[in-house]
Amino acid sequence: MKSEPYKRKPGDFEIRILNDGKVVMIAPDETLIEVAHAVEPSKNIMPSKKGDKKECRKSNQRNRVKN
Amino acid sequence: MNDMDYQVHREAFERAKLAREALTNCNLCPHQCNIDRTAGEKGYCGLDDTVRCFREMLYYGEESELVPSHQIHFAGCNLRCEFCVVAEWNELPSVAKEIDFDDMAKTIARRQSEGARTLNFLGGEPAVNLHGILQLLGRVESKIKVVWNSNMYYNDIVDKLTMGLIDVYLADFKCGNNSCAEGLLGASNYMEIVKENILKAAGHADVIIRHVVMPGHSKCCLKPILEWLAEKMPKVKLSLRSNYVPPVKAISAPKEYLKQEDMQNVVDLAKSMGLKLTK
């Protein structure tokens with residue numbers, strides 16, 4: 001593992017696993033949100049591409065910050 | 001297309017021409033690069049006159065009254081926030097794909113059919129992509145609210161050319177003093193400019209003030225913002241966000257995540273000042 005922090009390039013995903021076990025997704029795009037839903041569907045709602053309602057993990061949406 | 005739509009489209013195209021003219025000696029934002037972006041020169045934002053989009057999606061993480069929101073992320077920004085989570089696109093906007101306006105107009109229509117309640121222009125920063133956004137507005141039907149999701153750090157021309165075409169200004173009020181703004185965002189005279197633009201926007205559209213609470217910046221940033229809002233815009237919708245993400249290599253920016261108890265204190269403070277919180 002490199003000692004320097006990784007610098008994202010355009011198109012890279014970044015997921016952080018914090019000490020307390022929380023998973024933080026940085027600026028998730030649609031694909032990443034769908035992946036998160038597949039990993040742990042729970043409380044929040046997101047639609048599928050067809051417009052149906054699905055559940056989505058709350059933390060995925062909470063941890064997105066605009067510049 | 002009805003008469004109202006036609007007028008909106010024509011107005012947007014006319015304004016797009018004016019915005020493009022402004023690029024020939026670009027002073028859309030306070031950096032006032034005074035370069036000719038139409039001749040291929042690139043300003044502080046890293047942009048010439050090409051309009052680039054790095055992401056479009058239906059998103060549920062915006063304020064509840066806006067979701068589902070069709071986000072269109074434009075590459076390039078006039079701030080250099082140390083904690084920016086899409087910095088890779090703003091440092092190198094030229095790698096993002098150039099927008100095909102007709103295709104994007106079709107995408108906007110599709111997203112509306114998928115349930116989008118708002119059309120959300122963000123970035124990067126929409127202000128430095130003003131000419132492109134106006135061109136886009138000239139191509140789409142105004143069935144849903146249009147959101148200007150901005151850092152509000154721009155010159156008067158941006159307010160003038162967006163007035164009447166934007167329904168909601170989602171104003172990201174990041175810092176509460178010029179020293180923090182200089183160090184964290186790379187912005188001079190930040191407070192004066194952002195406050196003025198927020199007040200102008202409130203004069204002709206809905207405004208939601210968003211503030212991402214930064215650990216350790218309660219007294220210097222959060223409190224002055226809340227106090228100013230309580231005095232000048234006591235009825236404005238305020239969205240306090242707890243989703244600060246520390247950069248992996250923080251220099252001036254906070255290195256930690258916000259604690260849940262700290263966020264509760266922030267919410268209590270805002271409520272004690274009579275501010276109207278929105279989620």
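Within any chain, residue numbers begin from 1 and follow the written order of that chain's sequence. Starting at A for chains and at 1 for ligands, labels are handed out in the order in which the entities are written. Given that the model is predicted, a residue must reach a pLDDT of at least 70 before its local features are reported, and side-chain atom pairs must reach 80 or more before they are shown or counted; all residues, however, enter totals for whole chains, interfaces and linings. Heavy atoms from the whole structure form the basis of all side-chain values; hydrogens and water molecules are not counted.

Enquirer: Lay out the overall build of chain A with the relevant residues and their values.
Expert: In terms of helices and strands, chain A carries two helices and four strands. Tracing chain A from N to C terminus, the helices and strands come up as β-β-α-β-β-α. Looking at chain A residue by residue over its 67 residues, the buried ones come to 40%. Contacts were defined at the residue level, with two residues in contact if any of their heavy atoms lie within 4.5 Å. Residue pairs in contact within chain A that sit at least 24 positions apart in sequence constitute 17% of those at least 6 positions apart. For accessible areas, the Shrake-Rupley method is used with a probe of radius 1.4 Å. Any residue's cover is judged against the shown protein chains and nothing else. On chain A, roughly 4400 Å² of surface is accessible, and the fraction owed to carbon and sulfur atoms is 53%. The secondary structure listing takes helices from DSSP runs of H or I that are at least 4 residues long and strands from runs of E that are at least 2 residues long, numbered from the N terminus. Burial status follows relative accessibility: with a 1.4 Å probe on protein chains alone, a residue under 20% of its type maximum counts as buried, one over 50% as exposed, and anything between as partly exposed.

Enquirer: Tell me about the confidence of the model for chain B, residues and numbers included.
Expert: For chain B, mean pLDDT is 96; residues scoring 70 or higher make up 99% of the total. Complex prediction metrics read pTM 0.91 and ipTM 0.77. Confidence of the predictor at the level of single residues is given by pLDDT, which spans 0 to 100.

Enquirer: I'd like a rundown of helix α9 (residues 260–272) of chain B, residues and numbers included.
Expert: All names here are of chain B. Expected helix span is taken as 1.5 Å per residue step, with the number of steps being one fewer than the number of residues. In this model α9 runs 18 Å from its N-terminal to its C-terminal C-alpha over 13 residues, within 8% of the 18 Å that 1.5 Å per residue would give. Tucked into the core, α9 has its buried residues touching α8 (218–232), β8 (237–241) and β9 (276–277). G274 sits one or two residues past α9 and shows a positive phi near 85°.

Enquirer: So what's going on with unusual backbone geometry? Which residues, and what values?
Expert: In this structure, B:P68 follows B:V67 across a cis peptide bond, with omega equal to -5°. For A:A27, which is not glycine, the phi dihedral falls at a positive 45°. Residue position: A:A27 is located in the loop between β2 (23–25) and α1 (30–39). Under the relative-accessibility criterion, A:A27 is labelled buried at 7%. In this model, B:Q32 sits at a positive phi of 40°, which is unusual for a non-glycine residue. Locating B:Q32 in the fold gives a position in the loop between α1 (3–22) and β1 (52–59). Relative accessible area serves as the criterion here: at 41%, B:Q32 is assigned to the partly exposed category.

Enquirer: Run through the nonpolar core, naming residues and quoting values.
Expert: Counting residues in hydrophobic clusters, the biggest one holds 94 residues, and the most contacted among them are B:L185, B:Y190 and B:I198. Excluding anything up to four places from it in sequence, B:L185 contacts B:L79, B:R80, B:C81, B:F83, B:K174, B:C175, B:C180 and B:Y190. As used here, the term nonpolar core means buried Ala, Val, Leu, Ile, Met, Phe, Trp, Tyr and Cys residues forming a set that is joined through side-chain atoms within 4.5 Å.

Enquirer: Tell me about the packing of α8(B) against α9(B), and name the residues and values.
Expert: Describing two packed helices takes the angle between their axes plus the distance from one axis to the other. Residues and elements named next belong to chain B. Lines fitted to C-alpha atoms define the axes here, with helix axes fitted over just the stretch in contact, and angles between the N-to-C directions of these axes take values from 0 to 180 degrees. Two numbers describe how α8 lies on α9: the axes approach to 10 Å, and their chain directions differ by 25°. Compared by their axis directions, α8 and α9 come out roughly parallel. As α8 packs across α9, the resulting crossing turns out to be right-handed. Of the residues in α9, those in contact with L222, K223 and L226 of α8 are V266, L269 and A270. If an angle is under 35 degrees, it is roughly parallel; if it is over 145, roughly antiparallel; if it lies from 65 to 115, roughly perpendicular; otherwise it is oblique. For any pair of crossing helices, the crossing counts as left-handed if the nearer helix is rotated counterclockwise from the farther one by less than a right angle, and right-handed if it is rotated clockwise.

Enquirer: A description of the interface of chain B and chain A should follow, citing residues and the corresponding values.
Expert: Taken together, the contact pairs 40 residues of chain B with 30 residues of chain A. Between chain B and chain A, a total of about 2800 Å² is buried, with carbon and sulfur atoms accounting for 55% of that surface. In terms of surface lost to chain A, no three residues of chain B exceed B:Y60, B:V85 and B:E88, which account for 22% of the buried area on that side. Split by residue class, the side of chain B that touches chain A holds 20 nonpolar, ten polar and ten charged. The buried area of a pairing is the accessible area, by a 1.4 Å probe, that goes missing from both parts when the two are put together, added over both. Note on residue classes: Ala, Val, Leu, Ile, Met, Phe, Trp, Tyr, Cys and Pro are nonpolar, Asp, Glu, Lys and Arg are charged, and everything else, Gly too, is polar.

Enquirer: Could you give an account of the pattern of salt bridges, with specific residues and numbers?
Expert: Criterion for a salt bridge: a side-chain nitrogen of Lys or Arg within 4 Å of a carboxyl oxygen of Asp or Glu. Taken as a whole and judged by the stated rule, the model has 23 salt bridges over all chains. Across the salt bridge formed by B:E14 and B:K17, the nearest N and O atoms sit 3.5 Å from each other. Placement of the pair is B:E14 and B:K17 together in helix α1, with a separation of three residues, close to one helical turn. Judged by its relative accessible area of 41%, B:E14 falls in the partly exposed class. Salt-bridge contacts for B:E63 lead to B:R241; the nearest nitrogen and oxygen are separated by 3.1 Å. In this pair, B:E63 is assigned in the loop between β1 and β2 (69–74) and B:R241 in strand β8, connecting sequence segments 178 residues apart. Each member of the pair, B:E63 as well as B:R241, carries the same accessibility label: buried. Taken together, the shared-partner salt bridges in this structure form one network comprising A:E30, B:E56, B:R110, B:R111 and B:E114.

Enquirer: Account for the state of the cysteines, naming residues and giving values.
Expert: Residue and element names in this part refer to chain B. Throughout, a disulfide means two cysteine sulfur atoms within 2.5 Å of one another. Applying the stated criterion across every chain, the model contains zero disulfides over all chains. Cysteine C180 is unpaired, with the sulfur of C221 as its nearest cysteine sulfur at 3.8 Å. In this structure C180 comes out as buried when scored by relative accessible area, which is 15%.

Enquirer: Would you mind going over the side chain of B:T118 in detail, with residue names and values included?
Expert: Residue and element names in this part refer to chain B. As for its position among the elements, T118 is in strand β4 (residues 118–122). Here T118 falls in the buried class, since its relative accessible area comes to 2%. Here a polar contact means two N or O atoms within 3.5 Å. Within protein one must be a hydrogen donor candidate and the other an acceptor candidate, and residues neighboring in sequence count only if both atoms are side-chain atoms. Separated by 2.6 Å, the side chain of T118 and the backbone oxygen of L66 make a polar contact. Among the polar contacts listed, one links the side chain of T118 to the side chain of S69, at a separation of 2.8 Å. Ignoring any residue separated from it by four or fewer positions in sequence, one finds T118 in contact with L66, P68, S69, H70, I144, K145 and V147.

Enquirer: Got a sec to walk through the side chain of B:Q112? Specific residues and values, please.
Expert: Residue and element names in this part refer to chain B. Following the sequence through the fold, Q112 ends up in helix α3 (residues 101–113). Given the relative accessible area of 16%, Q112 is considered buried. When near neighbours in sequence (up to four residues on either side) are disregarded, Q112 contacts E141, K143 and I144.

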